[in-house]
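# Summary of the model geometry
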2 protein chains.
Amino acid sequence: MAVKTSEKLHQLREVLAEVSDLSRAALLLEWDQETYMPPGGVQGRAEQLSTLLKLAHVRLTSDEVGHLLDDLEEEYADAPFDSDEASIVRVTRRDYDQGRKLPAELIAEAAHASSMGRPAWEKARHEADFSIFAAALEKNVELNRRIADALGYKERPYDALLDRSEPGMTTGELAAIFDELKQAIVPLVADIARHAGAVDDAMLYRGYDPDLQLSYALDVVKRLGYDLERGRQDLSTHPFSTGISPGDARITTRVSRDFFNECLFGSIHEAGHSMYNQGMGAGIDRTPLWDGASPGIHESQSRFWENLVGRSRPFWRHFYPSLQSVFPDSLRGVDEEAFYRAVNKSQPSFIRVEADEVTYNMHILLRFELENELLEGKLAIKDVPEAWNARFKSYLGLDVPNDREGALQDIHWSFVGFGIFPGYTIGNLVSAQLMEKVRADIPDLDAQIEQGQFATLLGWLRKNVHVHGRKFTPNELLERATGKPLTAKPWIAYVRKKFGALYGLSDRAAG
Amino acid sequence: MAVKTSEKLHQLREVLAEVSDLSRAALLLEWDQETYMPPGGVQGRAEQLSTLLKLAHVRLTSDEVGHLLDDLEEEYADAPFDSDEASIVRVTRRDYDQGRKLPAELIAEAAHASSMGRPAWEKARHEADFSIFAAALEKNVELNRRIADALGYKERPYDALLDRSEPGMTTGELAAIFDELKQAIVPLVADIARHAGAVDDAMLYRGYDPDLQLSYALDVVKRLGYDLERGRQDLSTHPFSTGISPGDARITTRVSRDFFNECLFGSIHEAGHSMYNQGMGAGIDRTPLWDGASPGIHESQSRFWENLVGRSRPFWRHFYPSLQSVFPDSLRGVDEEAFYRAVNKSQPSFIRVEADEVTYNMHILLRFELENELLEGKLAIKDVPEAWNARFKSYLGLDVPNDREGALQDIHWSFVGFGIFPGYTIGNLVSAQLMEKVRADIPDLDAQIEQGQFATLLGWLRKNVHVHGRKFTPNELLERATGKPLTAKPWIAYVRKKFGALYGLSDRAAG
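Quantities reported herein were computed from a predicted structural model and do not represent experimental measurements. (Residues numbered from 1 in each chain as written. Chains lettered and ligands numbered in written order. Predicted model: local features only at pLDDT ≥ 70, side-chain atom pairs only at ≥ 80, totals over all residues.)

Regarding its fold elements, chain A presents 21 helices and three strands. A compact globule built from 511 residues should have a C-alpha radius of gyration of about 24 Å, and chain A, at 23 Å, falls within 12% of that. Seen through its C-alpha atoms, chain A measures out along the principal axes to roughly 75 × 50 × 50 Å. Here chain A holds 511 residues, and the buried ones make up 44% of them. In chain A, 72% of the contacts between residues at least 6 apart in sequence involve partners at least 24 apart. (Helix = DSSP H or I, 4+ residues; strand = E, 2+ residues; numbered from the N terminus. Rg over C-alpha atoms; globule rule 2.2 N^0.38 Å. Buried ≥ 20, exposed ≤ 12 C-beta atoms within 10 Å, placed from the backbone. Contact = placed C-beta atoms within 7 Å.)

Given below as structure tokens:
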């Protein structure tokens, strides 16, 4: 074609804008499905989503995009790595190549298996009977394996799936990190168990008016920096956040009268995700770069605000007086220190999404190991519950009472999506790794938080994380922001220090 | 292509399903924009909508569809006119031909002019100064004219625009109907004015708790037959209904503490639209047939329930006791007959959307005449306010105080959309024309309504109107349902009888 080369980037961006608009429309449809859609809308919604996502995929993996990328790679070969132009070409190439490697029939088969797996999983979970779900899981494992084969990998099939969600990470690297975590956490959990009496969280169950909880939570996230002119909060069964455009990054939450943590910490968590979306650069809007660097990096932002800020002592030094005045009855006689301790109570439990900071990563390790073994044929489907329960006992010291609270608890295995779970642990680790650097750059951080000032902190995250969107891989981003690739050390140091102090552990256990 | 002919209909339906899914996703995006979208979402939403609608248009007017239609017209030449197959081919052909006649540049220019016209209109309306809007209106008139030229017409440019929204109707037919209406209404309005004291609606302004109004309205529309498993009600500044899929037909409403009519009658109106969507046949889902036969026929369903049912004496015989028990203070000392009279008060007023049953069509006549004169160059832009005011005086006897309450009141002229207004009057006339036949078919209709039984009535509308969707043109539908094409006579007889009785008019005036 006789167009000028700068025209070609314009052409590519036109296509990418369409793909982005289709994907964003799909996000809104999904948001609606979880919040307001009437029950009768299910079938039509599935059809609409399927059409939008199919069109986005077809457009992104079209020959036109391939030809444009070929030309643009040459044109921008010398452009700075971190320029918008070079990054758009580089990241689009990655998505394009991965998309082209997956045959349409395989995608369709995986989508079909996922939609068949859902009701089977629901029934099995409801009846706490793994055998009802076994055939669907077997099919999903096979499809995960075929997807890994189609994408290609050097060492282990899991590498292919992991690289798709956490680009550049390998199963080997992650296994080493999980091993380091296991060495640190298992004894820490045991130590905490021996000092369990040190923390009392009974006041969190004393009853909190749901409407007051919601308005308090909304006020808190607003003060953290979540822009409500470009976001909103609604109720849904499973809280989530969604970035529909730079001006529309929403959160949902749920609220329980009987347990305080759910609404406030859930809201902070989702607002952490949405502040990430609200901070992405204008130059990458409507491109594949306008998204989190990875699910793991996205989770780092939610966990940062939820745990490293929201469950910190300076945070409650600032907020506790106002909280106590909103809930005077439930918090009568509870001082700030007692409340801080309560929201940090650590105790092994069965359900991942309810796990505390210390034990959470062990839930992920378990799933990471089982997914790998299933994928490599080392674990038979029928043996999954037994393997689950044995590992659970070994990592967290608990006997799983039934499959509903064990191998059937997560929705993830009902669809074809191995390789997603590690992102949760990566998120935890990255949040601490970033915080270590934040503290070096903002020495008076705790004092700022105590005064309810979060602008400097948010500014740091904006500059070092948010603005880049998906321009860098997780490790590229971490190298630039902290000087190191992913490491578990800051997180291990953080939990040892925090929970060592909370539970009055000896230096041996805590160090 | 060597495919079997039955395969071709399947192929066409695949394309139409995609087009439908894109359009339905756009409807959800628009619903969200009017209900929950945060202010910052405006730009992104405009981009998303533009992409979805463009892709739908491109797909529908593709060469592939043209070739399929050519083949299918031959294949289904002998299929029954009212079969799904023949109708899909026939209606898709109409949409395809109209779509192909409009060059992409003209569509883009019209979209651009519409988005520029909106702020100009808003500013002009805010300042009640028509001159601010004059240039934008001039551009829109020119574009309406160019669209009419591109579509083609036999006699008057308005024919082309009218045929697009109300297929088969001509400007000449409509002008004759409006003339008949004018002859009947102008003297009736004058007669009512001389007996204005006969109706007192002061109790409608006594204050009604908004939450109670909303729940009462929702209860009423549910009892009329609006299925809330396949619909929902939300608040919006401008009430509307939207059919996102057979299982998802929503309404919005607004509520005023100070004026009773808005919430209840608005809800019934929108539920009338949504019951139409909920009644369309399963065989036409995800085709161009899954929609109202025309905006006018759609409006007939909303007006039918709002006015012919909701403002009828038997309706209030049934509902008034429960209404009075919900609002005992505001309705103290008001009996059923007084309330029935109040909600039917007729009085000339400036704003179309607030007009009563009798005067409403005169607001439309005025716009129909001005649009025609603008399109044919018989009226200069600068003379629009004067022409508006003169006609308003002649039809409704009022002096328009300013352009905000005159020529600037409607949003319609801010975008390129001449030919839409007549649908409102067609809706009124059709509702009465259908009711005449309903009464012949269901002799005890009033007794059923008095007992709160609406199933037989809804069943009649389902069978004779709803199930067909867009299979027939308005006149085809009316011929099948009532034996006659569109006529003003039933509506004129209805208002003469009802308002003659309400205002105690002499036989001369009322007959």
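What follows concerns the environment of E75 of chain B. Within the secondary structure layout, E75 of chain B lies in helix α3 (residues 63-75). For the pair E75 of chain B and D356 of chain B, spaced 281 residues apart in sequence, the C-alpha to C-alpha distance is 50 Å.

Moving on, we come to the relation of the copies chain B and chain A. The transformation that overlays chain B on chain A combines an axial shift of 0.0 Å with a rotation of 180 degrees, and the residual RMSD is 0.0 Å. Such a combination of turn and shift is consistent with a two-fold rotation axis. The position closest to the rotation axis in chain B is occupied by the C-alpha of A25 of chain B, lying 3.5 Å away. (Least-squares fit on C-alpha atoms with pLDDT ≥ 70 in both.)

Moving on to the sheet that holds strand β1 (residues 233-235) of chain B. All names here are of chain B. One open sheet holds the three strands; their spatial order is β1-β3-β2, and the pairing between them is mixed. Every other strand in the sheet has two partners, leaving β1 and β2 (241-245) as the edge strands with one partner each. Taking the axes of each pair of neighbouring strands and ignoring which way they run, one obtains an average angle of 30 degrees across the sheet. Sheet topology note: the β1/strand β3 (residues 248-253) ladder contains three bridges and is parallel. In the sheet register, Q233 faces β3, and the bridge partner there is I251. (Pairing = 2+ DSSP bridges. Axes fitted to C-alpha atoms, helices over the stretch in contact; angles between N-to-C directions.)

Residues and elements named next belong to chain A. One can find F178 in helix α8 (residues 171-194). In sequence terms F178 and R439 are 261 residues apart; their C-alpha atoms lie 25 Å from each other. Leave out the neighbours within four places in its chain, and F178 touches L365 and F368.

The next subject is the sheet that holds strand β3 (residues 248-253) of chain A. Residues and elements named next belong to chain A. In spatial order, the strands read β1-β3-β2; together these three strands make up an open sheet with mixed pairing. Each edge of the open sheet is held by one strand with a lone partner, namely β1 (233-235) and β2 (241-245). Recorded for the sheet is a direction-independent mean angle of 30 degrees between the axes of neighbouring strands. Relative to β3, β2 is paired through four bridges, and the arrangement is antiparallel. Considered in β3, the bridge of S245 is made with D248. In this fold helix α10 (residues 261-278) packs onto β1, β2 and β3, with an angle of close to 165 degrees to the strand it touches most, β3.

As a further point, take the nonpolar core. One finds L224, A271 and L365 of chain B to be the most contacted residues of the largest nonpolar core, which totals 97 residues. Ranked by residues supplied to this core, first place goes to helix α14 (residues 357-375) of chain B with nine residues. If we skip the residues at most four places from it in the chain, L365 of chain B touches F178, L181, K182 and Y395 of chain B. Residues A136, F421, M435 and F454 of chain A belong to the second largest nonpolar core, which totals 96 residues. (Core = buried A, V, L, I, M, F, W, Y, C linked by C-beta atoms within 7 Å.)

Time to look at the pairing of β3 of chain B. Residues and elements named next belong to chain B. Counting buried residues along β3, six of its six residues qualify, which places the element largely inside the surrounding structure. Every second residue of β3 is oriented toward a common face, with D248, R250 and T252 on one face and A249, I251 and T253 on the other, all of them buried. Between β2 and β3, which pair antiparallel in sequence order, lie two residues.

Let us now look at unusual backbone geometry. All names here are of chain A. Phi at R286 takes a positive value of approximately 60 degrees, unusual for a residue other than glycine. Here R286 shows up in the loop between α10 and α11 (295-309). Judged by the 22 C-beta atoms lying within 10 Å of it, R286 falls in the buried class.

Turning our eyes to something else, we now look at the environment of G66 of chain B. Residues and elements named next belong to chain B. Residue position: G66 is located in helix α3. Overall, G66 belongs to the partly exposed group, with 13 C-beta atoms counted inside 10 Å. Through-space distance from the C-alpha of G66 to that of Y96 is 7.5 Å; in sequence the pair is 30 residues apart.

In this section: the confidence of the model for chain A. Overall, the predicted model of chain A reaches an average pLDDT of 95, with 98% of residues at or above 70. The complex prediction reports pTM at 0.95, with the ipTM value standing at 0.94. (pLDDT = per-residue confidence, 0-100.)

One widely used convention gives an interface's size as the accessible area the parts lose upon coming together. With 33 residues of chain B at the interface, the matching set in chain A holds 33 residues. Grouping the constituent residues of the side of chain B that touches chain A by class yields 14 nonpolar, nine polar and 10 charged. (Nonpolar A, V, L, I, M, F, W, Y, C, P; charged D, E, K, R; others polar.)

It is worth spelling out helix α2 (residues 42-60) of chain B at this point. Residue and element names in this part refer to chain B. End to end, α2 covers 27 Å across 19 residues, agreeing with the expected 27 Å (1.5 Å per residue, within 8%). When we look at burial in α2, the residues that qualify are G44, R45, Q48, T51, L52, L55, A56 and L60. Burial along α2 is one-sided: seen end-on, the buried residues are contained in an arc of 155 degrees. (Expected span 1.5 Å × (residues − 1). Arc of directions from axis to C-beta.)

This part is about helix α5 (residues 104-126) of chain B. All names here are of chain B. Over its 23 residues, α5 extends 33 Å from the first C-alpha to the last, a length consistent with the 33 Å expected when each residue adds 1.5 Å. Of all the residues in α5, the buried ones are A110, G117, W121, A124 and R125. Against the buried residues of α5 lie α6 (131-151). With its phi angle positive at about 50 degrees, A128 sits one or two positions after the end of α5.

This part covers the packing of helix α16 (residues 422-441) of chain A against helix α20 (residues 489-502) of chain A. Residue and element names in this part refer to chain A. Two elements in contact, α16 and α20, have axes whose closest approach is 7 Å; the angle formed by their N-to-C orientations is 85 degrees. Here α16 lies roughly perpendicular to α20, going by the angle between them. Within the contact between the two elements, α16 uses N428, L429, A432, Q433 and E436 and α20 uses P490, W491 and Y494. Taken together, the residues of the contact of α16 with α20 sort by class into five nonpolar, two polar and one charged. (Parallel < 35°, antiparallel > 145°, perpendicular 65-115°, else oblique.)

The axes of two packed helices give the description: the angle between them and the distance between them. Residues and elements named next belong to chain B. Contact geometry of helix α9 (residues 210-224) with helix α10 (residues 261-278) gives a least axis separation of 9 Å together with a crossing angle of 35 degrees. α9 and α10 meet at a crossing whose hand is right-handed. In this structure, α9 contributes Q213, L214, Y216, A217, V220, V221 and L224 to the contact, and α10 contributes C263, L264, S267, I268 and A271. In terms of residue class, the contact of α9 with α10 is built from 10 nonpolar, two polar and no charged. (Left-handed = near helix turned anticlockwise from the far one by under 90°.)

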